[in-house]
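Understanding the architecture of this molecule
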Number of protein chains: 2
Amino acid sequence: MSNVEVYWHEHVVSREQREEKNNNKGCVVWFTGLSACGKSTVANLVDYKLFQRGAHSFVLDGDNVRHGLNAAPKMLMEKHSEEFAKRFGLGFSAIDREENIRRIGAVASLFASAGIVAITAFISPYRRDRDNVRASLPEGDFIEIFVDAPLEVCEARDPKGLYKKARAGELKGFTGIDDPYEAPLNPELRLEAGTKTPDQLADEVVAYLVSKGIVK
Amino acid sequence: MSNVEVYWHEHVVSREQREEKNNNKGCVVWFTGLSACGKSTVANLVDYKLFQRGAHSFVLDGDNVRHGLNAAPKMLMEKHSEEFAKRFGLGFSAIDREENIRRIGAVASLFASAGIVAITAFISPYRRDRDNVRASLPEGDFIEIFVDAPLEVCEARDPKGLYKKARAGELKGFTGIDDPYEAPLNPELRLEAGTKTPDQLADEVVAYLVSKGIVK
């Protein structure tokens, strides 16, 4: 087996080689902010703009994570036992949110290792959970972007009627209403999402990534 | 908000666009087989050969998954509570293996959506767990590769001394010794890993991917 192992080590593709091929560096661009602040919109616009520039990026958001990796217990019960669904399925309690963010951070880290700009768009309300992701990554790999829109603006938008439900008490533990949002103290970038357009905000993010040499 | 949402839908990058840019299709190449059968060696060689051909691939294996996404309880306790570590940390019981494979399948699926050949190298001993991953993916996206080496061969290699420990009763629930390995009934590819070299086996996998139009 020792010959085989040597062989393996000689031929593994390094992160640097992947980055060179992709013409961009791998990193994690972590959007955080209230529901309806524009995280997902701006994240997808950044992804689109990076794609146009020839860089390699990918968005992790509720659409592709909540139905698979971080599925709710109910969904897991379609294929798994009740015990399984109860233990591993994720809801919205503090501990569940903690694991939600931990898994997303771990996956984003894998994408970064693959030489991809991993863009995440989740409320991620707790400072400690975000800081844990930052601490799990090499220095400089975690770019925290605070999508800063006043609660009143987000609540006025309310595209899915979630704030309305939360105000009516039909949704419990809703961030900004009856669960805290802990704004980043020192984010790499703060976006004024209450007054600027998504396109302007996305351009600010791309400009930041260019300034740091992450994309060309 | 409605204008913003329309804007979003107009600019999202499709999987097909990512695949066109990457010059390969996204898919999940799922290696399965006993410990020390050569899964990880062949997986990394395939990744290397695909990289050389200009395709985009990435390997998920114990090295990059067991320390992050699927960490053991003990490891999670460095940053999280005991309750958290106990609930979400993964060991080697049947239910833990089930979740281990489910998470890996979900992440591999994300890589495939990003237009990447996601290569996984895990024992994944239970047929049902692998079939669940297959069922979660679009038809044709799951390529199951049985790395078929006789138990005697794997046990003779035993690079980490795990079989020895399992035989001595120091490791419980070890696949092939006191926990079952359920071979695939109808894998896309079966590799004779007891007699051929890793290089030959990797070439067989690449030839298969080329024949299916996944890479050029």
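Refer to the structure above for everything that follows.
Residues numbered from 1 in each chain as written. Chains lettered and ligands numbered in written order. Predicted model: local features only at pLDDT ≥ 70, side-chain atom pairs only at ≥ 80, totals over all residues. Heavy atoms only, no water.

**Quick notes on the interface of chain B and chain A**
- Across the boundary between the two partners, chain B contributes 60 residues, which contact 60 residues of chain A.
- Interface of chain B and chain A: buried area, both sides summed, is about 5600 Å²; carbon and sulfur atoms make up 65% of it.
- One can count six salt bridges joining chain B with chain A.
- At the boundary of chain B with chain A, the tally comes to 24 residue pairs in polar contact (both at pLDDT 80 or more).
- With eleven residues, helix α7 (residues 94-113) of chain B is the largest single contributor of residues to the side of chain B that touches chain A.
- In the side of chain B that touches chain A, the residues fall into 28 nonpolar, 16 polar and 16 charged. (Contact = heavy atoms within 4.5 Å. Buried area = accessible area lost by both parts, 1.4 Å probe. Salt bridge = Lys/Arg side-chain N within 4 Å of Asp/Glu carboxyl O. Polar contact = N/O pair within 3.5 Å; in protein donor to acceptor, adjacent residues only side chain to side chain. Helix = DSSP H or I, 4+ residues; strand = E, 2+ residues; numbered from the N terminus. Nonpolar A, V, L, I, M, F, W, Y, C, P; charged D, E, K, R; others polar.)

**Observations concerning the sheet that holds strand β1 (residues 27-32) of chain B**
Residues and elements named next belong to chain B.
- Strand order in the open sheet formed by five strands is β2-β3-β1-β4-β5, with parallel pairing between adjacent strands. Single-partner strands in this sheet number two, and they are β2 (57-61) and β5 (189-192). Averaged over all adjacent pairs, the angle separating strand axes in this sheet is 20°, with direction ignored.
- Where strand β4 (residues 142-148) meets β5, four bridges bridge the pair, whose relative direction is parallel. Note that in β5 the partner of Ile 145 across the bridge is Leu 189. (Pairing = 2+ DSSP bridges. Axes fitted to C-alpha atoms, helices over the stretch in contact; angles between N-to-C directions.)

**A short note on unusual backbone geometry**
- Of note in this structure, A:Asp158 is not a glycine but carries a positive phi near 35°.
- One can find A:Asp158 in the loop between α9 (151-157) and α10 (162-167).
- By relative accessible area, A:Asp158 is classed as buried at 15%.
- A positive phi angle, near 70°, is found at B:Ala36, a position not held by glycine.
- Topologically, B:Ala36 is positioned in the loop between β1 and α3 (39-52). (Buried < 20%, exposed > 50% of the residue type's maximum accessible area, 1.4 Å probe, protein only.)

Shape is all these values report; function is a separate question.
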